[in-house]
Amino acid sequence: MPFSVNGILCTLAVLILWRAEELAEACSCAPVHPQQAFCNADVVIRAKVVGEKEVDSGNDIYGNPIKRIQYEIKQIKMFKGPNQDIEAVFTAPVSAVCGVTLDTSGKKEYLISGKAEAGGRMHVTLCDYIMPWDSMSPTQRKSLSQRYQMGCDCKIVRCPSLPCEISAPEECLWTDLMIEKQVYGRQANHYACVKRADGSCSWYRGVAPPKKEFLDAEDP
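An unreviewed UniProt entry annotates the chain as Metalloproteinase inhibitor 2 of Myripristis murdjan. Check the Subcellular location (unreviewed entry) section of the UniProt entry for the chain; it says "Secreted".

Here's what the structure looks like:
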């Protein structure tokens, strides 16, 4: 009998550890250039978070309530989205299922990108591009107003290993991770991938928005 109980306890321990590991690894996101994140998002806003509460959002297939965190926000500016202010941002309750934790003091400004929901709401995950506004470069901030949108017909391709190259003229090769050993390096912080007059795409760095006829982009 003791052997049987010990066996059951060991099995339970293994299952608990396996479940914990599964949850820890449940949310996995590939790195995305800020421009690609902007183009993929339904909504991109600058906002402060002023409140937080847990809410029910329907039931799962077993009848259990689905919990979400609702962040009350004060929108400062919308760069992309519907013709109404966003008043609430929803996310999963824990990071294991891609839930996002935000400062609710109202003192910190964020750039928040995510999926639109009805009624002035949006949903975000850890895979969306969410950054403290103060940590963004001047180029990134300027690009939100026009430059990123100009490049949404382009495709930013991450370089997984060296050597690497583009496979189509509408691609820009993102090499930050390989060359600088960090996800958000010089290309992410200072460059946009913009369509050129001939239909191809190229990295562009400049204070002013690029002219339509620009041909010679500054290489990163």
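Note on placement: Cys 154 falls in the loop between α4 (147–150) and β7 (155–158). Relative accessible area serves as the criterion here: at 5%, Cys 154 is assigned to the buried category. As for Cys 154 and Gln 36, which are separated by 118 residues in sequence, their C-alpha atoms are 8.9 Å apart. Not counting residues up to four positions away in its chain, the partners in contact with Cys 154 are Gln 36, Glu 170, Cys 193, Val 194, Lys 195 and Cys 201.

A few words on the pattern of salt bridges. Where charged atoms from two side chains of opposite charge approach closely, those side chains can pair. Following the criterion strictly, the structure yields 3 salt bridges and no others. Two residues, Glu 117 and Arg 68, come together in a salt bridge whose shortest N-O distance is 2.8 Å. Residue Glu 117 is found in strand β4 (residues 109–117), and its partner Arg 68 is found in strand β2 (residues 65–80); the two are separated by 49 residues along the sequence. For Glu 117, a relative accessible area of 26% translates into the label partly exposed.

For the rest of this paragraph, the subject is the state of the cysteines. Each disulfide consists of a covalent bond between the sulfur atoms of two cysteine residues. Evaluated as defined, the whole model comprises 6 disulfides. Between the sulfur of Cys 29 and that of Cys 127 lies a disulfide, 1.9 Å long from S to S. Between Cys 29 and Cys 127, the S-S dihedral sits near -75°, and the bridge is therefore left-handed. Of this pair, Cys 29 sits in the loop between α1 (2–24) and α2 (34–40) while Cys 127 sits in the loop between β5 (121–123) and β6 (130–132), placing them 98 residues apart in sequence.

About the thresholds
- Counting from 1, residues in each chain are numbered in the order their sequence is written.
- At least 70 in pLDDT is required for a residue's local features to be given in this predicted model, at least 80 for side-chain atom pairs to be given and counted, and no such filter applies to totals for whole chains, interfaces and linings, which use all residues.
- Just so you know, side-chain values use all the structure's heavy atoms and leave hydrogens and water out.
- UniProt positions are given in the numbering used here, feature names are shortened, and annotations may be inferred rather than shown by experiment.
- Secondary structure elements are taken from DSSP: a helix is a run of H or I of four residues or more, a strand is a run of E of two residues or more, and numbering for both begins at the N terminus.
- Each residue is placed in one exposure class: buried if its accessible area under a 1.4 Å probe, protein chains only, is under 20% of its type's maximum, exposed if it is over 50%, and partly exposed if it falls in between.
- Only heavy atoms enter the contact rule, under which two residues are in contact if any of them lie within 4.5 Å.
- Each reported salt bridge corresponds to a side-chain nitrogen of Lys or Arg within 4 Å of a carboxyl oxygen of Asp or Glu.
- Two cysteine sulfur atoms form a disulfide, by the criterion used here, when they sit within 2.5 Å.

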